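A look at the structure
Each chain, written out:
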Amino acid sequence: MGEKYFTDEERIKLLDVTKNLMLATRDVVEKNDVRRIRSVIEKGVVENHFRRDRFGFNPTLHYLSTALALCEKVSPDRNMIIAILLFSLCQSNVLAEEDLKKEWGDDIARLIHGLLKVSSLYSKQAAVESDNFRKLLLTFAEDIRVIIIMIVDRLTLMRAINHHPNEKMVHDVAYESNYLYAPLAHRLGLYAIKSELEDMSLKYTNRTTYTDIAHKLNETKAKRDAYIESFIRPIKEKLNATGLKYEIKGRTKSIYSIWNKIKKQKNDIDQIYDLFAIRVIIDTEPAREKSDCWLAYSVITDMYQPNPSRMKDWLSIPKSNGYESLHITVYGPDNRWVEVQIRTKRMDLIAEKGLAAHWKYKGIKSEGALDAWMNNVRDILETAETGPMELMKNMKMDIYEKEVFVFTPKGDLYKLPFGATLLDFAFHIHSRLGMSCVGGKVNGRNQKLNYKLKSGDTVEIQTSSTQTPKLDWLNFTVTSKARNKIRQSVKEIESRQANLGKELLERRFKNRKIEMVESTMTKLIKKTGYKTATDFYDAIASGEKDVNDVITEYENLDKKAADAGETRSAGEFKLMQPDEQSAASDILVIGDDIKGINYRLSKCCNPIYGDDVFGFISAEGVIKIHRHDCPNATNIKDKYPYRIIPTRWSGKLGHQFGATLRIVGHDDIGIVASITSIINKEKDTALRSISIDSNDGIFHGYLVVGINDTVALNNLIKKLKTVKGVKDVQRSK
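Residues numbered from 1 in each chain as written. Predicted model: local features only at pLDDT ≥ 70, side-chain atom pairs only at ≥ 80, totals over all residues. Heavy atoms only, no water.

Looking at unusual backbone geometry
For clarity, the threshold we go by: Secondary structure elements follow DSSP: runs of H or I of four or more residues count as helices, runs of E of two or more count as strands, with numbering from the N terminus.
Despite not being glycine, His 163 shows a phi value in the positive range, around 65 degrees. With respect to the helices, strands and loops of the structure, His 163 is situated in the loop between helix 8 (144-160) and helix 9 (167-187). The backbone of Asn 335 shows a phi angle near 55 degrees, a positive value even though the residue is not glycine. Looking at the secondary structure, you find Asn 335 in the loop between strand 5 (326-332) and strand 6 (336-344).

Description of the side chain of Ser 325
The criterion, for reference: Burial status follows relative accessibility: with a 1.4 Å probe on protein chains alone, a residue under 20% of its type maximum counts as buried, one over 50% as exposed, and anything between as partly exposed. Here a polar contact is taken to be a pair of N or O atoms separated by no more than 3.5 Å, where protein atoms must pair a possible hydrogen donor with a possible acceptor and residues adjacent in sequence count only if both atoms sit in side chains. Residue contacts follow a heavy-atom distance rule, with two residues in contact if any of their heavy atoms lie within 4.5 Å.
Relative to the elements of secondary structure, Ser 325 occurs in the loop between strand 4 (312-313) and strand 5. We classify Ser 325 as buried; its relative accessible area is 0%. Among the polar contacts listed, one links the side chain of Ser 325 to the backbone oxygen of Ile 342, at a separation of 3.4 Å. With near-sequence residues (within four places) excluded, Ser 325 lies in contact with Lys 312, Asp 313, Trp 314, Leu 315, Gln 341, Ile 342 and Arg 343.

Some details on a nonpolar patch on the surface
Stated formally: Like charges are joined within 9 Å and nonpolar side chains (Val, Leu, Ile, Met, Phe, Trp, Tyr) within 5 Å, but only among residues with over 30% relative accessible area and no salt bridge; these make up the patches. Reported accessibility uses the Shrake-Rupley method at a 1.4 Å probe radius. Residues are deemed covered only where the shown protein chains occlude them. Only one rule defines a salt bridge in this text: a Lys or Arg side-chain nitrogen within 4 Å of an Asp or Glu carboxyl oxygen.
Side chains of Val 672, Ile 690 and Ile 692 sit close together on the surface and give an oily, nonpolar patch of about 210 Å² of accessible area. Relative to the elements of secondary structure, Val 672 occurs in helix 25 (residues 671-681).

What about the confidence of the model for the chain?
Our working definition: A residue's pLDDT is the confidence the predictor assigns to it, expressed on a 0 to 100 scale.
Summarising the model, the chain shows a mean pLDDT of 79, and 82% of its residues fall at 70 or more. The element-level mean pLDDT for the chain is lowest in helix 16 (residues 368-383), coming to 44, with helix 14 (residues 289-303) highest at 94. The low-confidence segment residues 355-400 (pLDDT under 50) makes 112 contacts with residues lying over four places distant or belonging to another chain. Scored below 50 in pLDDT, residues 565-585 makes 44 contacts in the model with residues more than four places away or belonging to other chains.

What to know about the environment of Ser 691
Tracing the backbone through its elements, the reader meets Ser 691 in strand 18 (residues 686-695). For Ser 691, a relative accessible area of 39% corresponds to the partly exposed category. The spatial distance from the C-alpha of Ser 691 to the C-alpha of Arg 662 is 9.9 Å, given a sequence separation of 29 residues. Once residues within four sequence positions are removed from consideration, Ser 691 is found in contact with His 700, Gly 701 and Tyr 702.

Spelled out as structure tokens, the structure:
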């Protein structure tokens, strides 16, 4: 390969990595794979297609090291290894995807396609600490093997950047590895990789702490080894007597794990008792796994006192992730608690190097969609006769198919439901942005409001100060936020328009000295075919309906009503005898000393003779009499001052009015009798109805009395207040 392409140090390392990779893959690669791959890589080097990465590392050496790490840490797999070695050439467009399919087959082409898609995410400069980034990563990968390759590739990079001069780049890669890749490795059961990534992340981001813990572990290594030896020596003697095939080893916890315990327990390393764990691994037949593990348990607990509260039995009931082991903590020599893990070789292989059997573990938050998908993979793997890597080929990463993840030009990442449009995205960012949106650029190309977003799109929203929300936007928006804001905004715009239209019409009526009667206008609106008054006035404001035409139509309708003899104002009312709902016509003087007019006493305030009252011409053409202190008086006077008629009592009595009184008092069986007795004794006063409600020794009652005037009513109220037990009597409005 090219003389200038490799340094002397790189050339030596290249020979070593290549030799080990060929040994690791000798049982999985095909006969001419090595020759073909070597030919493609040499051609890329000669034609200068391989460029050193941002750290200055040689890409050929990096990807060969990644392939070797895959074999060592996961499993030798032909297609994954070839995809790793060819990826760089495809990324630089030396190998086209179509040619890749012809030369190497669909499966390798699919793996490289996934790697290319994932690598495109990093060009968007997204914040990887976003949970959405991890979801998008899994969506883009399409194949779980792509995620595995990425994790191993990150392991290779982390191993290479120790003492790199660009500390900022090293820190960023370490942080990303700890936040993103270590948890992914954890979910996939790649615990050796997970621990190594975490340790190196701590080393690169907090070298002082890492070095301090590592130094103390080294200082105590001899002492720790001696203690482990003294602990397991008597156990070995007892286990040998049982005839079990086994091995025992002591395992020091990872530096990252120790650091977390120091932080959590707020202790120094010298006070952390479980710096190591003893692991008993039994070589036995599947049918005898559980019984042999419990046999080892009985041997150990006979020798050392166990702590029942710290026992974890994942033999009887394995974890939902498939993890099987028996964890116990016993009281060992020198009064120290020691953790012992008992498992079989099969269980240990899954725990150390499993690909999908150990999906969830402590420290990782549950996530429904991913967990369900991972558990499904585990179930398939457990019942499969072929190897796990073969099964992985048929598993697609479609766990987030109901969502789309899109970027802003600055790299911010947002999640929306599948089918969301450019307009949905604008409203998702901010309501004002959505309401003024006229379109946007997606991946640099202009797109309309109804463009359906795809995961990975970079979206830039374009706005206009003249844009207003339209009702037809509801036809292509899917998010509830966008739809609610559109409806709300359209309604507000229509309401403002309708108010403008009504004001315009009222001004024209006033200019032409025409009185606008609400009932006639309501008839006109119905006649012209508008469903609501808002639609009608909105049409006037928009110019759809001409104001002059409306006035002409109104006058024609008004003339027809006059010709038909309809009454509209106080001066035009016919003299008639009031009906049962009307008061005596000679009691009130309405307007200019007009009497005998059809009117009704309003039920909202029930005026009686002597109340300060006014008349109001209702839409039905009837004058309704209200008290000036009526709850509705203020609103009526403000909105319809032109329909108010001065009204006073004529001074003639002889007619009873209905008045409602509210009484509150102590609950007593004789109090009602006292109240009714007083009312019955009053001249020209009759009790029409009574309703009482009692609660917690207090009664609330409503009385309706027939009475002549306010003087008589006030006298009655005074007398009722003197009744023993009555707390309050008020006239009800």
